[in-house]
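Remarks on the overall topology
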Amino acid sequence: MTFTFRPLDPLQDAELLHTWVTHPKAAYWMMQDARLEDVERAYMEIAADPHHHALLGLRDGTPVFLMEKYDPAHRELVGLYEPLPGDVGMHFLTPATDTPVHGFTRAVITAVLAHLFEDPATERVVVEPDVSNTAVHALNEAVGFVPEREIQKPEKKALLSFCTREQFRPATTGVPA
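A few points on the structure. Quick caveat, the model's predicted, so the values are computed rather than measured.

1. What to know about the sheet that holds strand β5 (residues 124–127)
In a beta sheet, neighbouring strands are held together by backbone hydrogen bonds and run either parallel or antiparallel to one another. Across the sheet, which stays open at both edges, the seven strands sit in the order β1-β2-β3-β4-β5-β7-β6 with mixed pairing between neighbours. A strand with exactly one partner marks an edge of an open sheet, and here the two such strands are β1 (4–7) and β6 (146–152). Strand-to-strand twist across the sheet, computed as the mean angle between neighbouring axes with direction ignored, equals 30°. The pairing of strand β2 (residues 52–59) with strand β3 (residues 62–70) spans eight bridges and is classified as antiparallel. Note on β3: the bridge partner recorded for Gly-57 is Phe-65. Those strands touched by helix α2 (residues 36–47) are β2 and β3, and its axis lies near 110° from that of β2.

2. Brief notes about the packing of aromatic side chains
Applying the stated criterion to the full structure yields five aromatic pairs. An angle of 80° between the planes, with centres 5.9 Å apart, marks the rings of Phe-3 and Phe-104 as edge-to-face. Placement of Phe-3 in the segment before β1 and of Phe-104 in helix α3 (residues 104–117) is noted, with a sequence separation of 101 residues between them. Through pairs of rings, three or more aromatic residues link up here, namely Phe-3, Phe-5, Phe-65 and Phe-104. A cation sits over an aromatic face here: Arg-124 above Phe-162, 3.9 Å from the ring centre.

3. Some remarks on the nonpolar core
Phe-3, Met-90, Phe-92, Ile-109, Val-112, Leu-113 and Phe-145 are the most contacted members of the largest nonpolar core, which totals 25 residues. For this core, the secondary structure elements donating two or more residues are β3, β4 (87–93), α3, β5 and α4 (134–142). Per-element accounting of this core gives the leading share, nine residues, to α3. If we ignore the near neighbours within four places in the chain, the residues touching Met-90 are Glu-68, Lys-69, Tyr-70, Ile-109, Val-112, Leu-113, Leu-116, Val-125, Val-126, Val-127, Glu-128 and Phe-145. One finds Leu-17, Trp-29, Ala-34 and Leu-66 within the second-largest nonpolar core, a separate group that totals 16 residues.

4. Describing the pairing of β6
Where β6 and strand β7 (residues 157–164) come together, six bridges link them in antiparallel fashion. What sits directly across from Pro-147, in β7, is Ser-161. Adjacent in sequence and paired antiparallel, β6 and β7 are bridged by four residues.

5. Section: α3
Taking 1.5 Å of rise per residue, 14 residues should cover 20 Å, and α3 covers 20 Å from first to last C-alpha, within 8% of that figure. Within α3, the full set of buried residues consists of Phe-104, Ala-107, Val-108, Ile-109, Ala-111, Val-112, Leu-113, Leu-116 and Phe-117.

6. Comments concerning the pattern of salt bridges
All chains considered together, the criterion is met by 12 salt bridges. Of the charged contacts in the structure, one is a salt bridge between Arg-35 and Glu-37, with a shortest N-O distance of 3.8 Å. The class of Glu-37 is partly exposed, set by a relative accessible area of 39%. Salt-bridge contacts for Lys-157 lead to Glu-150; the nearest nitrogen and oxygen are separated by 3.7 Å. Since its relative accessible area comes to 40%, Lys-157 is described here as partly exposed. The partly exposed category is assigned to Glu-150, whose relative accessible area is 49%. When salt bridges with common partners are traced through the structure, they connect Glu-76, Glu-128, Lys-153, Glu-155 and Lys-156 into a single cluster.

Thresholds, definitions, all that
Residues numbered from 1 in each chain as written. Predicted model: local features only at pLDDT ≥ 70, side-chain atom pairs only at ≥ 80, totals over all residues. Heavy atoms only, no water. Pairing = 2+ DSSP bridges. Helix = DSSP H or I, 4+ residues; strand = E, 2+ residues; numbered from the N terminus. Axes fitted to C-alpha atoms, helices over the stretch in contact; angles between N-to-C directions. Contact = heavy atoms within 4.5 Å. Phe/Tyr/Trp six-rings, centres within 6.5 Å; stacked < 30°, edge-to-face > 60°. Lys NZ or Arg CZ within 6 Å of the ring centre and 35° of its normal. Core = buried A, V, L, I, M, F, W, Y, C linked by side-chain atoms within 4.5 Å. Buried < 20%, exposed > 50% of the residue type's maximum accessible area, 1.4 Å probe, protein only. Expected span 1.5 Å × (residues − 1). Salt bridge = Lys/Arg side-chain N within 4 Å of Asp/Glu carboxyl O.

Take it as geometry only, folks, not as evidence of what the structure does.
Take a look at the structure:
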């Protein structure tokens, strides 16, 4: 599967995003009760933030997933771990579908990491999924993430995990770094 990326437009994309983030499958996104205006506002704030970016993943020009990248020295993880130069935080969301495609979510996280590692300044990708989200823990491990420890964020208990370029490459290609 081949994906491309484009910056999210908070106003034009809000309706689509609203259907994604309020679906029961997206419970870990923590926007279940969000109104359309709430989604617009949240993503307008991200668009205005120099340390946080939202992108849509496209397949054949159609949005099929959401990706956020952030600077953990300034957002999400401030005070919860000691960021290193080249650390990039990441979230991704694949929307619910009536016609699931086997391997789709794994292809998405692989594309997201490949996109992040295209930037030579990215040394390590940082994630902090909910400790109870075992499906994403397995997916993260499959692409090279190594859990470090549990941390308490204001909204959840999270599993702080890291993936370096050297861990990602062999996990997804079978070829040592």
